[in-house]
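# Close look at the chain arrangement
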Amino acid sequence: MPIDAARALAADPRQGDIGWDHKDIQLYHLGLGAGLPATDPDELRYTLESKLHVLPSFATVAGAGMAMMGGLAAPGIDVNLAHVLHGGQSIELHRPIPVKGSATSSAKVAALYDKGKAAVIVLRTEVADADGPLWTSDAQIFVRGEGGFGGERGPSVKEELPERAPDRTEERRIRDEQALLYRLSGDWNPLHADPEFAKLAGFDRPILHGLCSYGMTLKAVVDTALGGDVSRVRAYRTRFAGIVFPGETLRIRMWQEPGRVLASVTAVERDDAPVLADTVVEHS
């Protein structure tokens, strides 16, 4: 059986040391499109080491590769990586991420859900440094053809958007070379760079990383709805609902509610095709 749920859930966490400094933070921010205009004081907080703060979605690239591949190689899990899709992502911040840090990352399979024709694997990564917990990250991995193992279907996380106009709408253009820059933060999948590989995957050209759209959306929310204060973010989650191509534009609609911002993210040039759904930023 490709998935042995009991064995996977009982396996010991995979631990490792991770570290980062201002160069990693700056590269990540630039990969999200930060730095335009280059001398804007608000953008310098993302690009200039003397003024730097850390967008919380950096947690998805700080040791994320170890967590993802470690989880998919866990005991009880034997799946075809060609059938794997990143279905959703959430992070919970225990305190602001420092500009320079070293920490221990502990990754495990936290849940396994049986969707019938597919399985959903929840890979949880907990990161702590000498001062205590920093963040908890959950990646929801959708594996086609691996359902039917008898597990629970899992919870529904659908967020109903308010029946009113959004409080604000922002547009963020994706630069033509943005995927090439973003992949330097650790996701080397050729789907995001190699036209021939993209065609084999069914796309006429490389697509942007889902986690890049995820970071771009959080930056837009922080910069507009949260007054530019990254420390106000407490948690952030989304479901990857569709693709977007470099050169296109993200349309980010936001609804503000007490303690949280709901967002809908679409691709402008393709008639507002869904990109991110069920997107929530919880804040102080």
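First, a word on what this report is: a plain description of the structure on this page. (Residues numbered from 1 in each chain as written. Predicted model: local features only at pLDDT ≥ 70, side-chain atom pairs only at ≥ 80, totals over all residues. Heavy atoms only, no water.)

### What about the overall build of the protein chain?
For the protein chain, the helix and strand inventory stands at seven helices and ten strands. In terms of overall size, the protein chain behaves like a compact globule, its C-alpha atoms giving a radius of gyration of 18 Å where 284 residues would be expected to give roughly 19 Å. Viewed in the frame of its principal axes, the protein chain has a C-alpha envelope of about 55 × 50 × 40 Å. The long-range fraction of contacts in the protein chain, counting pairs at least 24 apart against all pairs at least 6 apart in sequence, stands at 71%. Here the protein chain displays about 13300 Å² of accessible surface, and carbon together with sulfur accounts for 52% of that area. Computing the positive centroid from 31 side-chain charges and the negative centroid from 39, the protein chain places the two 1 Å apart. (Helix = DSSP H or I, 4+ residues; strand = E, 2+ residues; numbered from the N terminus. Rg over C-alpha atoms; globule rule 2.2 N^0.38 Å. Contact = heavy atoms within 4.5 Å. Areas by Shrake-Rupley, 256 points an atom, 1.4 Å probe, with all protein chains shown as cover. Lys, Arg positive; Asp, Glu negative; His and termini not counted. Charge placed at Lys NZ, Arg CZ, Asp CG, Glu CD.)

### A look at helix 7 (residues 210-225)
Counted at 1.5 Å a residue, the expected span for helix 7 with its 16 residues is 22 Å, and the 22 Å between its end C-alpha atoms agrees. Among the 16 residues in helix 7, 13 count as buried, and that is most of the element. The positive-phi residue at the C-terminal boundary of helix 7 is G227, with phi of around 65 degrees. (Expected span 1.5 Å × (residues − 1). Buried < 20%, exposed > 50% of the residue type's maximum accessible area, 1.4 Å probe, protein only.)

### Regarding the environment of V61
Considering the arrangement of structural elements, one finds V61 in the loop between helix 3 (41-47) and helix 4 (64-72). Residues V61 and L32, spaced 29 residues apart in sequence, show a C-alpha to C-alpha distance of 12 Å. Other than its neighbours up to four places away in sequence, V61 contacts Y28, Y182 and S185.

### Some words on the nonpolar core
Generally speaking, soluble globular proteins have nonpolar side chains that are buried together. Judged by nonpolar contacts, the single largest core of 49 residues is most densely connected at W20, F58, I97, W135, V222, L250 and V281. The leading source of residues in this core is helix 7, at nine residues. Of all hydrophobic cores here, the second largest spans 14 residues; its members include A8, V109, A119 and A139. (Core = buried A, V, L, I, M, F, W, Y, C linked by side-chain atoms within 4.5 Å.)

### A short note on the sheet that holds strand 9 (residues 260-267)
With antiparallel pairing, the ten strands of this open sheet are ordered in space as 1-3-4-5-2-7-10-9-8-6. Every interior strand has two partners, whereas the edge strands, strand 1 (14-20) and strand 6 (168-173), have only one. Here the strands of the sheet are splayed against their neighbours by 20 degrees on average, with no regard to which way each runs. Here strand 4 (residues 118-129) runs beside strand 5 (residues 132-144); their pairing, made up of twelve bridges, is antiparallel. Across the sheet, residue D129 finds its bridge partner in strand 5, namely G132. (Pairing = 2+ DSSP bridges. Axes fitted to C-alpha atoms, helices over the stretch in contact; angles between N-to-C directions.)

### Concerning helix 2 (residues 22-31)
Among the residues of helix 2, those classed as buried are I25, Q26, Y28, H29 and G31. On its buried face, helix 2 sits against strand 1, helix 3, helix 5 (178-182) and helix 7. G33 sits one or two residues past helix 2 and shows a positive phi near 100 degrees.

### Some remarks on unusual backbone geometry
Following L36, the chain continues to P37 via a peptide bond in cis, the omega torsion being -5 degrees. Relative to the assigned elements, P37 resides in the loop between helix 2 and helix 3. For D272, which is not glycine, the phi torsion reads 60 degrees and is therefore positive. Tracing the sequence through the fold places D272 in the loop between strand 9 and strand 10 (273-283). Positive phi is not limited to glycine here, since D278 has a value of about 50 degrees. By the element assignment, D278 lies in strand 10. D278 gets classed as buried once you look at its relative accessible area, which sits at 11%.

### Digging into the packing of aromatic side chains
If you walk through the whole model with that rule in mind, you get six aromatic pairs. Seen in terms of ring centroids, W20 and F58 are 6.1 Å apart; in terms of plane orientation they differ by 65 degrees. Their pairing is edge-to-face. Pair noted here: W20 is in strand 1 and F58 is in the loop between helix 3 and helix 4, with a separation of 38 residues, a long-range link. An identical accessibility class is assigned to W20 and F58; each is buried. A ring pair is formed by Y28 and F58, whose centres lie 5.7 Å apart and whose planes are at 70 degrees; its orientation type is edge-to-face. Placement of the pair is Y28 in helix 2 and F58 in the loop between helix 3 and helix 4, with a sequence separation of 30 residues. The same class applies to Y28 as to F58, namely buried. Each residue in the set W20, Y28, F58, W135 and Y182 is aromatic and connected to the rest through ring pairs, giving one cluster. (Phe/Tyr/Trp six-rings, centres within 6.5 Å; stacked < 30°, edge-to-face > 60°.)

### Comments concerning the pairing of strand 9
Judged by how many residues are buried, strand 9 sits mostly within the fold: seven of eight residues are covered. One ladder, built from eight bridges, connects strand 8 (residues 249-257) with strand 9; its direction is antiparallel. For L250, the partnering residue across the bridge sits in strand 9 and is A267. Turn length for the strand 8-strand 9 hairpin, with the two strands adjacent in sequence and antiparallel, is two residues, and the turn residue G259 shows positive phi of about 80 degrees. Taken together, the seven bridges between strand 9 and strand 10 define a ladder with antiparallel strand orientation. Within strand 10, the position partnered with R260 by the bridge is E282.

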